[in-house]
Amino acid sequence: MDRSFVVQLNDYRITTAEILYWMPDHQHVLQSLVWQHLDLAPKFPALTKFLDHWERNLDARLHKVRVASAALIKPAEFRFASGLYQLH
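Below you will find a few notes about this structure. (Residues numbered from 1 in each chain as written. Predicted model: local features only at pLDDT ≥ 70, side-chain atom pairs only at ≥ 80, totals over all residues. Heavy atoms only, no water.)

With that settled, the discussion passes to the packing of aromatic side chains. In this structure the tally under the stated criterion is three aromatic pairs. Arranged with centres 5.8 Å apart and planes meeting at 25 degrees, the rings of Trp-35 and Phe-50 form a pair that is stacked. On the criterion of sequence distance, the pair formed by Trp-35 in strand E2 (residues 26–40) and Phe-50 in helix H2 (residues 45–57) is long-range, its members being 15 residues apart. Overall, the relative accessible area of 24% leaves Phe-50 in the partly exposed class. With 6.0 Å between their ring centres and 70 degrees between their planes, Phe-50 and Trp-54 make a pair best called edge-to-face. On the criterion of helical spacing, the pair formed by Phe-50 and Trp-54 is a turn pair, its members being four residues apart in helix H2. According to the relative accessible area criterion, Trp-54 is buried, its value standing at 5%. (Phe/Tyr/Trp six-rings, centres within 6.5 Å; stacked < 30°, edge-to-face > 60°. Helix = DSSP H or I, 4+ residues; strand = E, 2+ residues; numbered from the N terminus. Buried < 20%, exposed > 50% of the residue type's maximum accessible area, 1.4 Å probe, protein only.)

Here is the structure:
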């Protein structure tokens, strides 16, 4: 079985983070990076590890991080039809 499928069964979710940051050589320009990975909500250990690495090893200063997370495997949804239509 595929590893990504197995971790999704263990409640990992696709996590997207928009990271806004300042570069030392262009301090007047706010730059953006989109990061996406399977991560475990609500503590987000993979994102935390990535941001810790960023703070320790890169010169860019973080300004803001926005996080969105969604389960890819979930129960099926059933809804009642809103109407019945008959032709001829």
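In this section: H2. Helix length check: H2, at 13 residues, gives a terminal C-alpha distance of 18 Å against a target of 18 Å (1.5 Å per residue), a fit within 8%. Those residues of H2 that fall on the buried side of the exposure criterion are Leu-47, Leu-51 and Trp-54. Along the axis of H2, the buried residues cluster in a sector spanning 55 degrees; they form a single face. Residues Lys-49 and Arg-56 are exposed on H2 and point more than 90 degrees away from its buried face. Of the surrounding elements, those touching the buried residues of H2 are strand E1 (12–23), E2 and strand E3 (61–70). (Expected span 1.5 Å × (residues − 1). Arc of directions from axis to C-beta. Contact = heavy atoms within 4.5 Å.)

Take the sheet that holds E3 next. The three strands lie next to each other as E2-E1-E3, forming an open sheet whose pairing is antiparallel. At either margin of the open sheet sits one strand with a lone partner, and together these are E2 and E3. Looking at each pair of strands side by side, their axes are set apart by 15 degrees on average, direction ignored. Bridge count between E1 and E3: nine bridges; the pairing is antiparallel. What sits directly across from Tyr-21, in E3, is Leu-62. (Pairing = 2+ DSSP bridges. Axes fitted to C-alpha atoms, helices over the stretch in contact; angles between N-to-C directions.)

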